[in-house]
Amino acid sequence: DCRGLVKIYKIANLEVVALQGLDLKIKKSEMIGIIGPSGSGKTSLMNILGGLDIPSAGKVTVANKDLIHMTHHERLIYRRHTVGFVWQNVSRNLIPYLTAIENVHLPMILSGNFNPQRANHLLELVGLGKRKHHRPINMSGGEQQRVAIAIGIANNPSLLLADEPTGSLDSENTVQLIKVFNEV
């Protein structure tokens, strides 16, 4: 829930307004897409909702957590437990020397919720159960993005943020990835 959200970046002596008075309410289990031209504030909004950045003004609440007044440590816990990320750039999602299953294990281990059965289930859910022991280099772009979705939902987040997850995929893999999002 965002109310009057403002984000201003200061670059040298200039102020750049990325968000100006944004109001947004997303309901539980709702999937939305945010579109707009480059520089319209989409990434700024995602970074704020993900706890990676702090707004300049306004109010933002996710899963009953006030993102404005969080300490650094609370923000870290928030990112580990409340929000999941699927980045456009696959290299931001996957650690190249880990297998698919090890990549899914990692956020669980870091949050203290290691559950190997859930990791296996998630890879089955995204259609990669038979590829779980493959490293990213041995997977297609679409397969890597599906692993990224499994990683993003590994800790059962209240909010899953995906930054142009189909941007580098062909139309067939795009359709398949959207189906995966709907299923998970």
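For the structure itself, consult the block above.
Residues numbered from 1 in each chain as written. Predicted model: local features only at pLDDT ≥ 70, side-chain atom pairs only at ≥ 80, totals over all residues. Heavy atoms only, no water.

Participant: Is there a simple way to think about the side chain of Arg 146 in this case?
Facilitator: Relative to the elements of secondary structure, Arg 146 occurs in helix H6 (residues 141–152). No salt bridge forms around the buried Arg 146; measuring N to O, its nearest opposite-charge neighbour Glu 143 is 4.5 Å away. The contacts of Arg 146, once residues within four sequence positions are left out, are Val 126, Gly 127, Leu 128, Gln 176, Leu 177 and Val 180. (Helix = DSSP H or I, 4+ residues; strand = E, 2+ residues; numbered from the N terminus. Buried < 20%, exposed > 50% of the residue type's maximum accessible area, 1.4 Å probe, protein only. Lys, Arg positive; Asp, Glu negative; His and termini not counted. Salt bridge = Lys/Arg side-chain N within 4 Å of Asp/Glu carboxyl O. Contact = heavy atoms within 4.5 Å.)

Participant: Just to check I follow, could you spell out the packing of aromatic side chains for this structure?
Facilitator: Each aromatic ring pair is described using two quantities: the centre-to-centre distance and the angle formed by the ring planes. Scanning all chains against the criterion turns up one aromatic pair. Centre to centre, the rings of Phe 85 and Trp 87 are 4.9 Å apart; their planes meet at 5°, and the pair counts as stacked. Trp 87 sits in the buried class, given a relative accessible area of 10%. Of note, Lys 7 hangs over the ring of Tyr 9, and the distance from its end group to the ring centre comes to 5.0 Å. (Phe/Tyr/Trp six-rings, centres within 6.5 Å; stacked < 30°, edge-to-face > 60°. Lys NZ or Arg CZ within 6 Å of the ring centre and 35° of its normal.)

Participant: What's the story with the sheet that holds strand S4 (residues 65–66) in this structure? I'm lost.
Facilitator: Neighbouring strands of a sheet are bound in pairs by backbone hydrogen bonds; such pairs are parallel or else antiparallel. Strand order in the open sheet formed by four strands is S2-S1-S3-S4, with antiparallel pairing between adjacent strands. Strands at the two margins of the open sheet, each flanked by one partner only, are strand S2 (14–24) and S4. Taken together, the three bridges between strand S1 (residues 2–11) and strand S3 (residues 57–62) define a ladder with antiparallel strand orientation. Looking at S3, one finds that Val 6 is bridged to Ala 57. (Pairing = 2+ DSSP bridges.)

Participant: How do you make sense of the packing of helix H4 (residues 100–111) against H6 when you look at a structure like this?
Facilitator: The description of two helices packed together rests on the angle between their axes and the distance between the axes. Orientation of H4 relative to H6, taken along the N-to-C sense of each, is 25°, at an axis distance of 8 Å. Overall, the two elements H4 and H6 adopt an arrangement that is roughly parallel. Classified by chirality, the crossing of H6 by H4 is right-handed. Counted together, Ala 100, Asn 103, Val 104 and Pro 107 of H4 and Val 147, Ala 150 and Ile 151 of H6 form the full contact between these two elements. Looking at the contact of H4 with H6 residue by residue, the classes come out as six nonpolar, one polar and no charged. (Axes fitted to C-alpha atoms, helices over the stretch in contact; angles between N-to-C directions. Parallel < 35°, antiparallel > 145°, perpendicular 65-115°, else oblique. Left-handed = near helix turned anticlockwise from the far one by under 90°. Nonpolar A, V, L, I, M, F, W, Y, C, P; charged D, E, K, R; others polar.)

Participant: Mind showing me how you'd approach the packing of H6 against helix H7 (residues 171–183) here?
Facilitator: Closest axis-to-axis distance for the H6/H7 pair is 10 Å, and the angle between their directions is 15°. One way to sum up the angle between H6 and H7 is to call them roughly parallel. As for the relative orientation of H6 and H7, their crossing is right-handed in sense. Residue-level contacts link Gly 142, Gln 145, Arg 146 and Ile 149 of H6 to Asn 173, Gln 176, Leu 177, Val 180 and Phe 181 of H7. Residues of the contact of H6 with H7, tallied by class, amount to four nonpolar, four polar and one charged.

Participant: What is the right way to read the layout of surface pockets from this model?
Facilitator: Using a probe with the size of a water molecule, rolled over the atoms, empty space left in the structure can be pinpointed. Estimates place the volume of the largest pocket at around 1600 Å³. Lining the largest pocket are 42 residues, and of these Glu 30, Met 31, Leu 159, Leu 160 and Leu 161 sit closest to its centre. Of all the secondary structure elements, the ones that give two or more residues to the lining of the largest pocket are helix H1 (42–49), S3, helix H5 (116–125), strand S6 (159–162) and H7. Here the lining of the largest pocket gets five residues from one element, more than from any other, and that element is H1. (1 Å grid on protein atoms, 1.4 Å probe; cavity = no way out; pocket = protein on both sides within 12 Å on 5 of 7 lines; lining within 4 Å. Points joined across faces, edges and corners; volume = space filled by probe spheres on them.)

Participant: Please explain H1 as it appears in this structure.
Facilitator: Three- or four-residue spacings in an α-helix give side chains the same orientation, since the helix completes a turn every 3.6 residues. Counted residue by residue, H1 has six buried out of eight residues, so it is predominantly covered. When H1 is considered as a whole, its buried residues turn out to be Ser 44, Leu 45, Met 46, Asn 47, Ile 48 and Leu 49. Those residues of H1 hidden inside the fold are in contact with S1, S2, S3, helix H2 (72–81), strand S5 (83–86) and S6.

Participant: Would you take a moment to explain unusual backbone geometry for this structure?
Facilitator: Note on backbone geometry: most residues besides glycine have negative phi, and most peptide bonds are trans. Within the chain, Ala 63 stands out as a residue other than glycine whose phi angle is a positive 50°. Position of Ala 63 relative to the elements: it lies in the loop between S3 and S4. Of the residues examined, Ala 63 reaches a relative accessible area of 35% and is grouped as partly exposed. Backbone geometry places Asn 156, a non-glycine residue, at a positive phi of 50°.

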